[in-house]
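# Structural description and commentary
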Amino acid sequence: MRILVLAAGLGTRLRPLTLQMPKPLVRVVDKTILEHQVELANTVPEAHLHVNAHYLSEKLSAAALSFGFEKVWDEQPEALGTGGPLYRMNREDPVDELLVMNSDCYCKFDLRSFLRLSRSSGAPCSLLAVDNPMVNSIYVRDGLMSGIQNRFGHQTRERVTFSGISWYSKRALQDIRESEMDIREYWKRLLLNGDAPFIDVSQKYSLWIDMGTPDGLMRASDYRRKELGVGNYGVPPEIAKQAKATVMMPELEIPSNATFDHAIIFSGAKIEDGECVKNEIRGKDFSWPIGR
């Protein structure tokens with residue numbers, strides 16, 4: 001089963017952190033965002049991992065190959081959006097089906113169940129949906145997409161959020177047009193032709209966190225710490241008594257009298273003597289307050 005992880009974005013919501021590294025290489029406690037995606041992808045039997053790259057592509061490519069990806073699809077001089085990579089892959093190295101994953105969601109899904117339902121749906125492609133009332137924008141009727149809020153189609157009572165995980169059949173891959181770089185244009189065309197995408201809502205209450213924002217990064221970090229069964233992670237022993245719910249990256253200079261409460265400290269962060277860092281993500285040239 002070929003799996004494509006979409007990782008070509010600029011990571012603008014996490015700047016200036018992502019001026020130093022591509023977003024998929026930002027660490028969530030013990031692993032990078034991309035490694036967490038690899039862990040999920042490898043729950044699929046005989047997974048063959050591919051990834052696309054654009055922003056800081058050399059760094060991303062080197063890391064991806066070390067994580068076990070079989071191929072990196074470098075997109076230069078411009079990124080190809082979401083539909084473009086699928087069109088390119090089918091043209092250059094076609095497959096019978098493709099599982100696509102975004103690179104910035106911390107989630108716990110049963111991908112094998114999603115694949116079984118997708119294949120049996122009869123639809124050319126399918127989307128795995130979650131319930132996120134703040135951003136639910138996909139309208140669903142009888143298990144199929146009926147529209148997207150403020151874009152196309154018809155409103156229905158049932159609304160869900162796209163998890164970033166989707167499946168495309170051979171028929172769909174052969175049908176996507178080069179001009180449909182925004183994959184929503186392809187979904188719209190399917191809907192208008194009476195061949196709407198299948199929307200899998202069977203896992204809509206599963207864990208799903210968008211790690212592409214500071215708040216989401218903190219939420220994912222909190223969940224990962226609890227998953228590992230640790231109160232702190234990476235905190236030097238000499239200041240461990242002064243830290244609570246804190247994650248620290250390597251190569252940090254921390255004053256021995258500084259204290260930390262619910263914080264993520266990235267390399268390059270400046271910490272003053274006696275400072276209390278609380279409900280905050282801090283790194284080189286930035287400090288993000290986080291509500292709790």
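Being a predicted model, the structure only gives us computed values, none of them experimental.

This part is about the domain arrangement of the protein. Domain boundaries in the protein define domain 1 (2-210) and domain 2 (231-289). Just the C-alpha atoms count here: the centres of domain 1 and domain 2 sit 34 Å apart. Each side of the interface is counted separately: domain 1 has nine residues, and domain 2 has nine residues. Across the interface of domain 1 and domain 2, roughly 750 Å² is buried in total on both sides, 78% from carbon and sulfur atoms.

With that out of the way, let us pick up empty space enclosed by the protein. In total, this model carries one cavity of 30 Å³ or more according to the counting rule given. Each pocket or cavity is described by its volume, and for the largest cavity that value is around 30 Å³. What lines the largest cavity is L86, M89, N90, P94, V95, L98 and L173. If you tally residues by element for the lining of the largest cavity, the top one is helix α3 (residues 84-92), at three residues. For the lining of the largest cavity, a count of residues per class yields six nonpolar, one polar and no charged.

What follows deals with the layout of surface pockets. Roughly 1000 Å³ of volume is contained in the largest pocket. Around the largest pocket, the lining comprises 40 residues; the ones closest to its centre are L6, T82, N102, D104 and F162. Among the elements of the structure, β6 (97-102), β12 (158-169), α6 (183-192) and β14 (208-210) are those that each provide at least two residues to the lining of the largest pocket. With six residues, the single largest contributor to the lining of the largest pocket is β12. For the lining of the largest pocket, the residue count by class is 19 nonpolar, 15 polar and six charged. Of the pockets and cavities examined, the second largest pocket occupies roughly 200 Å³. What lines the second largest pocket is D131, N132, M134, V135, W208, I209, D210, T213, D215, G216 and R219. Among the secondary structure elements, those contributing two or more residues to the lining of the second largest pocket are β14 and α7 (214-228).

All right, on to the sheet that holds strand β16 (residues 259-265) then. Spatially, the four strands line up as an open sheet ordered β15-β16-β17-β18, and their pairing is mixed. The open sheet is flanked by β15 (243-248) and β18 (286-289), the only strands paired with a single partner. The average angle at which neighbouring strand axes cross in this sheet is 30°, direction not considered. With four bridges connecting them, strand β17 (residues 276-283) and β18 associate as antiparallel partners. Residue pairing across strands places E280 opposite P289, the latter belonging to β18. Sheet strands touched by α7: β15, β16, β17 and β18. Its angle to β16, the strand with the most contacts, is close to 110°.

Applying the stated criterion across every chain, the model contains three aromatic pairs. Between F286 and W288, the ring centres sit 4.3 Å apart and the planes meet at 35°, which makes this aromatic pair tilted. Overall, the relative accessible area of 7% leaves F286 in the buried class. Classification of W288 as buried rests on a relative accessible area of 12%. The ring of Y55 has R15 sitting right over it, with the charged end atom 5.8 Å from the ring centre. Over the ring of W73 we find K71, and its NZ or CZ is 3.8 Å from the ring centre.

On to unusual backbone geometry. Of note, the amide linkage connecting R15 to P16 takes the cis form, showing an omega dihedral of 10°. Mapped onto the fold, P16 is located in the loop between β1 (2-6) and β2 (27-28). For the peptide bond that leads from Q76 to P77, omega is 0°, which places it in the cis range. Inspection of the secondary structure puts P77 in the loop between β5 (71-74) and α3. Positive phi is not limited to glycine here, since A245 has a value of about 55°. Tracing the chain through its elements places A245 in strand β15.

Rules used in this analysis
- Residues numbered from 1 in each chain as written.
- Predicted model: local features only at pLDDT ≥ 70, side-chain atom pairs only at ≥ 80, totals over all residues.
- Heavy atoms only, no water.
- Domains from an automatic or database assignment.
- Contact = heavy atoms within 4.5 Å.
- Buried area = accessible area lost by both parts, 1.4 Å probe.
- 1 Å grid on protein atoms, 1.4 Å probe; cavity = no way out; pocket = protein on both sides within 12 Å on 5 of 7 lines; lining within 4 Å.
- Points joined across faces, edges and corners; volume = space filled by probe spheres on them.
- Helix = DSSP H or I, 4+ residues; strand = E, 2+ residues; numbered from the N terminus.
- Nonpolar A, V, L, I, M, F, W, Y, C, P; charged D, E, K, R; others polar.
- Pairing = 2+ DSSP bridges.
- Axes fitted to C-alpha atoms, helices over the stretch in contact; angles between N-to-C directions.
- Phe/Tyr/Trp six-rings, centres within 6.5 Å; stacked < 30°, edge-to-face > 60°.
- Buried < 20%, exposed > 50% of the residue type's maximum accessible area, 1.4 Å probe, protein only.
- Lys NZ or Arg CZ within 6 Å of the ring centre and 35° of its normal.

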